[in-house]
Amino acid sequence: MQYFLDTSAVVKLCHQEMGSDLAIMVLVHDRKIGNIGRGLLNTFHRWLNTESEITAVIEKINGRPDRPSIMLYIAVGPQGQVEHAFAS
């Protein structure tokens, strides 16, 4: 499977149950492209559970075409007070 992504793609973050853990799935165009790494899960769960506003865009794509490694730029803050990740 190859992914055709560009850095203008909008990213969604969603909770996903994986066994006894609750992962955070990364979606682009409503298609799963990966998960948030374990080292950042507690932080992301805290942000999502406190209803912080989170925006994310693809910052960089590394890896192979069949298995990309995607870096996200993420902006987090109180509802209505965070500058969108697309803003320059």
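Residues numbered from 1 in each chain as written. Predicted model: local features only at pLDDT ≥ 70, side-chain atom pairs only at ≥ 80, totals over all residues. Heavy atoms only, no water.

Chemist: Just give me the short version of helix α1 (residues 38-49), but keep the residues and values in it.
Modeler: Three or four residues apart is the spacing at which side chains of an α-helix point the same way, because the helix has 3.6 residues per turn. Given a rise of 1.5 Å per residue, 12 residues ought to cover 16 Å, and the 17 Å separating the end C-alpha atoms of α1 matches this to within 8%. Of all the residues in α1, the buried ones are Leu 41, Phe 44 and His 45. Buried residues in α1, looked at end-on, bunch into an arc of 105 degrees, giving them a common side. In α1, the exposed residues that point more than 90 degrees away from the buried face are Gly 39 and Asn 42. A positive phi of about 55 degrees marks Glu 51, the residue just after α1. (Helix = DSSP H or I, 4+ residues; strand = E, 2+ residues; numbered from the N terminus. Expected span 1.5 Å × (residues − 1). Buried < 20%, exposed > 50% of the residue type's maximum accessible area, 1.4 Å probe, protein only. Arc of directions from axis to C-beta.)

Chemist: Which residues make up the environment of His 15, and what values go with them?
Modeler: Along the chain, the position of His 15 falls in strand β1 (residues 11-18). Residues His 15 and Met 25, spaced 10 residues apart in sequence, show a C-alpha to C-alpha distance of 6.1 Å.

Chemist: Just give me the short version of the nonpolar core, but keep the residues and values in it.
Modeler: Judged by nonpolar contacts, Val 11, Leu 13, Ile 24, Val 26, Val 28, Ile 33, Ile 36, Leu 41, Phe 44, Ala 56 and Ile 58 together constitute the single largest core of 11 residues. Put simply, the parts of the chain that give this core at least two residues each are β1, β2 (21-28), α1 and β4 (53-64). Top element by residues in this core is β2. It accounts for 3 residues. Residues in contact with Val 11, not counting those within four places in the same chain, are Val 26, Leu 27, Val 28, Ala 56, Val 57, Ile 58 and Leu 72. (Core = buried A, V, L, I, M, F, W, Y, C linked by side-chain atoms within 4.5 Å. Contact = heavy atoms within 4.5 Å.)

Chemist: I'd like a rundown of the environment of Met 71, residues and numbers included.
Modeler: Counting through the fold element by element, Met 71 comes out in strand β5 (residues 67-77). Separated by 12 residues in sequence, Met 71 and Glu 59 place their C-alpha atoms 5.5 Å apart. With residues up to four places along the chain from it excluded, the contact list for Met 71 reads Val 57, Ile 58, Glu 59, Lys 60 and Asn 62.

Chemist: Could you give an account of the pairing of β5, with specific residues and numbers?
Modeler: By the bridge criterion, 11 bridges tie β4 to β5 in an arrangement that is antiparallel. Opposite Gly 63, over in β5, you have Pro 68 as the bridge partner. Joining the antiparallel neighbours β4 and β5 is a turn of 2 residues. (Pairing = 2+ DSSP bridges.)

These results come straight from atomic positions and should not be treated as a statement about function.
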